[in-house]
Structures are given as structure tokens and as C-alpha cells.
Amino acid sequence: NLPALFRESLDSELVASIVEALLVGLIPGANATDHHFAAEVLDALGRTPRFDLSLRGLSSEERTRCNELVTELERHGFHGGNDAGGLSRLFAPPLSMFSKEEIQEEVETCEASSAREPISLEVMEPVANESLET
């Protein structure tokens, strides 16, 4: 099974490749067996260690492709696991590790520090050329 195969972890590049392959397999006219297989694969991927980290590493284009696959499967009644919406929850965008307030505070700090006068490299240059002799 996939969780045992990827027991260490599953990188985002492999997740994107698997999703892409599954999408190709669901060309118009795909049958229920193809949809069932794709849903089972996605469900199994979600049980691999650190799957959430793999999702965080997806580009916006790769995330869009994941959403297209999940939407297609759920449109045909395949939700993964035993409950409706299971794949949507599994592939939902990861929650930020920071609150909106923390993010806003960081943005303000960065904006404030960029408004300061930049440090001149000329001041540091002689230090870099000095000998380290004692």
C-alpha cells in the first residue's frame, strides 16, 4: 500500500506527478473504475507521513491541478474514504502557521525597516580587507 511504500515521506514533486498522471487517466469517457482508482490513490496519499508538508510545497499551478482532479472525482461521486467531501478536505489549502495578526505585524515590521536608510557597504569594506593577524 502507498503509506507503507512512502513511509519516510512523500515530496511535493511526486504528489504533483501522481496527480498529473491520474488526470491524464481521466480523459473524457473514463469509466467508473478509473475514477474509483484515482480516488483510492488520492485517499492513500493522504495517509502517507507528512502529507500536509507535501501539499505546502506545491506550486499554485500544481495546487490548481489537484483541485481539478478532486472536483472531477467528486462530480462523479467519488469522495475518498467513507464520507462525502473527504478528498476536498484532504487536499484543502493548508492553514497558515501564523494568525492574520502575526502576518500583518510582520508586514508592518518589514515595511518599517525598508523605510530606514540602507546600510552602506563602503563602511564595511575596510573590515573585510583587514588581516586576521593577532
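Residues numbered from 1 in each chain as written. Predicted model: local features only at pLDDT ≥ 70, side-chain atom pairs only at ≥ 80, totals over all residues. Heavy atoms only, no water.

Engineer: Is there a simple way to think about the packing of aromatic side chains in this case?
Structural biologist: Within a pair of aromatic rings, the relevant descriptors are the distance that separates the centres and the angle that separates the planes. The final tally for this structure, using the stated rule, is one aromatic pair. Ring centres of F51 and F91 lie 5.4 Å apart, and the angle between their planes is 80 degrees; on these two criteria the pair is classed as edge-to-face. Taken as a pair, F51 in helix α4 (residues 51-56) and F91 in the loop between α6 (86-90) and α7 (100-115) lie far apart in primary sequence, 40 residues in all. We classify F91 as buried; its relative accessible area is 2%. (Phe/Tyr/Trp six-rings, centres within 6.5 Å; stacked < 30°, edge-to-face > 60°. Helix = DSSP H or I, 4+ residues; strand = E, 2+ residues; numbered from the N terminus. Buried < 20%, exposed > 50% of the residue type's maximum accessible area, 1.4 Å probe, protein only.)

Engineer: I would appreciate a short explanation of the environment of G25 in the present structure.
Structural biologist: Relative to the helices and strands, G25 is located in helix α2 (residues 12-25). The exposure class of G25 is partly exposed, given its relative accessible area of 37%. Expressed as a C-alpha distance, the spacing of G25 and A38, which sit 13 residues apart in the sequence, is 8.4 Å. Here G25 is in contact with A30 and D34, once residues within four sequence places are set aside. (Contact = heavy atoms within 4.5 Å.)

These figures capture arrangement, not role.
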